[in-house]
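Now for the letters of each chain:
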Amino acid sequence: MSLEASQSAARTKDVLLDVQGLKKHFPITQGILFQREVGRVHAVDGVSFQIRRGETLGLVGESGCGKSTTGRTLLQLHRPTEGKVLYEGQDLASLTQRQLRPIRRRMQMIFQDPYASLNPRMTVSSIISEPIRTYGLLRGPTVHARAAELMEVVGLNPRQVRLYPHEFSGGQRQRIGIARALAADPDFIVCDEPISALDVSIQAQILNLLADLQKQFGLTYLFIAHDLAAVRHISDRIAVMYLGKIVEIADSEKLYKEPRHPYTQALISAVPIPDPEVEATRQRIVLEGDVPSPRNPPKGCRFKTRCSYRFGRCDEEPLLQLVEEDHFAACWLEKTDEGKGASGT
Amino acid sequence: MKENDQPILSVRDLRVSFATEEGLVRAVDGVSFDVRRGQILGIVGESGSGKSVTNLAIMGLIPMPPGRIDGGRVLFCGKEILGVPEAEKRKLRGDRISMIFQDPMTSLNPFLRISLQLTEVLELHKRISRKKARRHAIAMLDLVGIPDAAERIDDYPHQFSGGMRQRVMIAMSLLCEPELLIADEPTTALDVTIQAQILELLKKIRDELGTSIVFITHDLGVVAGICDETLVMYAGKILEKGSTRSLFASPSQPYTRGLLRSVPRLDLGRKEELTPIRGNPPYLLDRSPGCPFLPRCDFAVDKCGEEFPPRRQVAKNHDVWCWVEMEGSAG
Ligand SMILES: Nc1ncnc2c1ncn2[C@@H]1O[C@H](COP(=O)(O)OP(=O)(O)OP(=O)(O)O)[C@@H](O)[C@H]1O
Ligand SMILES: Nc1ncnc2c1ncn2[C@@H]1O[C@H](COP(=O)(O)OP(=O)(O)OP(=O)(O)O)[C@@H](O)[C@H]1O
Ligand SMILES: [Mg+2]
Ligand SMILES: [Mg+2]
């Protein structure tokens, strides 16, 4: 998250993960004995983006738009329906479970719900050291020493290693989850809504911790959340998802100051600002209606059913295109002819 | 007018506790506030601070046991409602006071068409014909922005999206045109674009129907956008209360200050690092006589551990409960 990290990443464009045309569809089946497919949830429906080494890519969008599915499909917890996930140039989608094993260690996940993601019958020490044992990173008594060390790294008291998850608060449990992810010594961590279950007074602690760890260990993050202010705080770049598609990607300051896609604009304007003076004078774009179902997404631009700029062209699907340096948007407003280059807003 | 000066709701020194296996939890510990007519009052505070219990007590919905009202008064239009018989309470609920719960599915019956659920409320409280009730219900669904209300009224709850169900809930709570609406985190489970719709709707209802609203949330941005006055709760106590503008402009309790400083703001430049509140949320069982925020407070003095501070006025319509007078409150 540090400035140097983001600048050097931008300079060298050192790509850790290159996602190409990724799709994940879930079949909807009917029948008891003979399950037949009656439809598909287009959870992730053709997304392409890159994550650079050492950066945080934020992923935002409304509930059900496919953020978690994207994260899980990157990690091969779901195998993609279509598309490639190149990790340091190697396509993970084409590897067998066995071939994946050594790479799995390098890619970890932190979950939203610190309560549900920790085994209640295991001590904190065994929870944290689980990846160490699974991947055979250390042996014998050093395993527990390492667990204690990791507790310290994430701001927990190492003397509490013998306690169980229920003896910790929500924020502390999230720290345990983070320590467990770190135990595998990963390069890349998918943080799936790591702060949304926490109290407001604790969220900043965890955001700061994640940023510190990134600096300390040179980690790369995919940070999934619906809280745009938190995402903007921690991310170098942000990708905005809508109904299985990425509609915009840009540097996080750029995205906030000059959003190009009408959905991004509405999303930003809907975020409440904790200042009554600002709220009193703010112009808000209130979107009509709800997000359509991913079982039967609209043809063409998926946002067209709620977009106030909609015109004839929107029945065709707009592709994600470069609108200025390092800024991509998928909207026909950007370009009504086929010529190259960005048009102004 | 005399009647309009009287608060629609007055809560005085309300105390509610729960007997749990680990011990007695003082969930609400001496809470007092007023809601004026046509006002939107916000209640903020972390999980477990007693926001919901306060409002369940007002509605007469505390499960007893394990719960117990240990004391206090709740006046609705000047009349005590805390100890009234259940039948009378039931008459108030849904008619003159109604509540929107955080999870719409807890108050909508999944097996019944919403038309039935909506008209039932009206028939019960207003004794009007089913036909008239149906017409009224459709008008209300229309008001809350359900498209094709006349047709959708015969759908089942699961046929609506989360945001629409929440709007159906709001429609249901407004059917009898209550004077007081208690909304317990009505938008927490919703996406921001849908939240924006619901907040606009609640403001419109207040403006057009004059409904007074108690709005519970943990989102300071939502409070800033919709509430005229705000209460800040912590471990069952009110630590600060006042007009939303004054409270945000000069937060005078270290907890309120800490909260406002710890949240990243989308409209300001990005900070290198956030300023969190240290420590962990309070554990309600170990209760000291002093201020519950003490273990996390950077300004504490000896007195803070000995006695809970009395109310201190910092500005017109802005009170704080804190022994320490902070300088340069603004900002
Ligand atoms: N295992 C699964 N089987 C079938 N459908 C699924 C599965 N996982 C997700 N989906 C569906 O795929 C879509 C995308 O879900 P996903 O969990 O990725 O959304 P999300 O953006 O993470 O949402 P949220 O913000 O609510 O976590 C949803 O319609 C969801 O119901
Ligand atoms: N039925 C109950 N039995 C025992 N304890 C209860 C019960 N209901 C509430 N409590 C306790 O009372 C305290 C206050 O709870 P309350 O639900 O009012 O919190 P809240 O401020 O609404 O929190 P949240 O933001 O999580 O909704 C909590 O410690 C809770 O555990
Ligand atoms: Mg998700
Ligand atoms: Mg609550």
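Report on the accompanying structure. (Residues numbered from 1 in each chain as written. Chains lettered and ligands numbered in written order. Predicted model: local features only at pLDDT ≥ 70, side-chain atom pairs only at ≥ 80, totals over all residues. Heavy atoms only, no water.)

## Description of the packing of aromatic side chains
Moving on, step 1. Applying the stated criterion across every chain, the model contains six aromatic pairs over all chains.
Moving on, step 2. Centroid distance Tyr-234 of chain B to Phe-293 of chain B: 5.3 Å. Interplanar angle 85 degrees. Geometry classified as edge-to-face. One end of the pair, Tyr-234 of chain B, is in strand 9 (residues 229–234); the other, Phe-293 of chain B, is in the loop between helix 11 (254–262) and strand 11 (312–315), and 59 residues separate them in sequence.
Moving on, step 3. Aromatic rings pair up to connect Tyr-242, Tyr-263 and Phe-303 of chain A into one cluster.
Moving on, step 4. Sitting over the ring of Phe-308 of chain B, Lys-237 of chain B keeps its end group 4.5 Å from the ring centre.
Moving on, step 5. In this structure, Lys-303 of chain B is placed above the aromatic ring of Trp-323 of chain B, and the distance from its NZ or CZ to the ring centre is 4.5 Å. (Phe/Tyr/Trp six-rings, centres within 6.5 Å; stacked < 30°, edge-to-face > 60°. Helix = DSSP H or I, 4+ residues; strand = E, 2+ residues; numbered from the N terminus. Lys NZ or Arg CZ within 6 Å of the ring centre and 35° of its normal.)

## Remarks on the interface of chain A and chain B
Moving on, step 1. Taken together, the 45 residues of chain A in the interface contact 46 residues of chain B.
Moving on, step 2. In total, about 3900 Å² of surface goes out of reach between chain A and chain B, with carbon and sulfur atoms giving 57% of it.
Moving on, step 3. Across the contact surface, chain A and chain B share two salt bridges.
Moving on, step 4. For the pair chain A and chain B, the number of links is 19 residue pairs in polar contact (both at pLDDT 80 or more).
Moving on, step 5. Elements with a minimum of two residues in the side of chain A that touches chain B: helix 7 (200–217), helix 8 (228–234), helix 9 (252–257), helix 10 (262–270) and helix 11 (276–281) of chain A.
Moving on, step 6. Grouping the amino acids of the side of chain A that touches chain B by side-chain chemistry returns 22 nonpolar, 10 polar and 13 charged. (Contact = heavy atoms within 4.5 Å. Buried area = accessible area lost by both parts, 1.4 Å probe. Salt bridge = Lys/Arg side-chain N within 4 Å of Asp/Glu carboxyl O. Polar contact = N/O pair within 3.5 Å; in protein donor to acceptor, adjacent residues only side chain to side chain. Nonpolar A, V, L, I, M, F, W, Y, C, P; charged D, E, K, R; others polar.)

## Focus: the site of ligand 2
Residue and element names in this part refer to chain B.
Moving on, step 1. Every one of the 16 residues lining ligand 2 counts as a neighbour, but Ser-47, Gly-48, Lys-51, Ser-52 and Val-53 are closest to it.
Moving on, step 2. The separation between an oxygen atom of ligand 2 and a polar main-chain atom of Gly-48 is 2.8 Å.
Moving on, step 3. At 3.0 Å from an oxygen atom of ligand 2 is found a main-chain nitrogen or oxygen belonging to Gly-50.
Moving on, step 4. Considering every element that reaches the shell around ligand 2, the biggest residue donor is helix 2 (residues 51–59), with three residues. (Near = heavy atom within 4 Å.)

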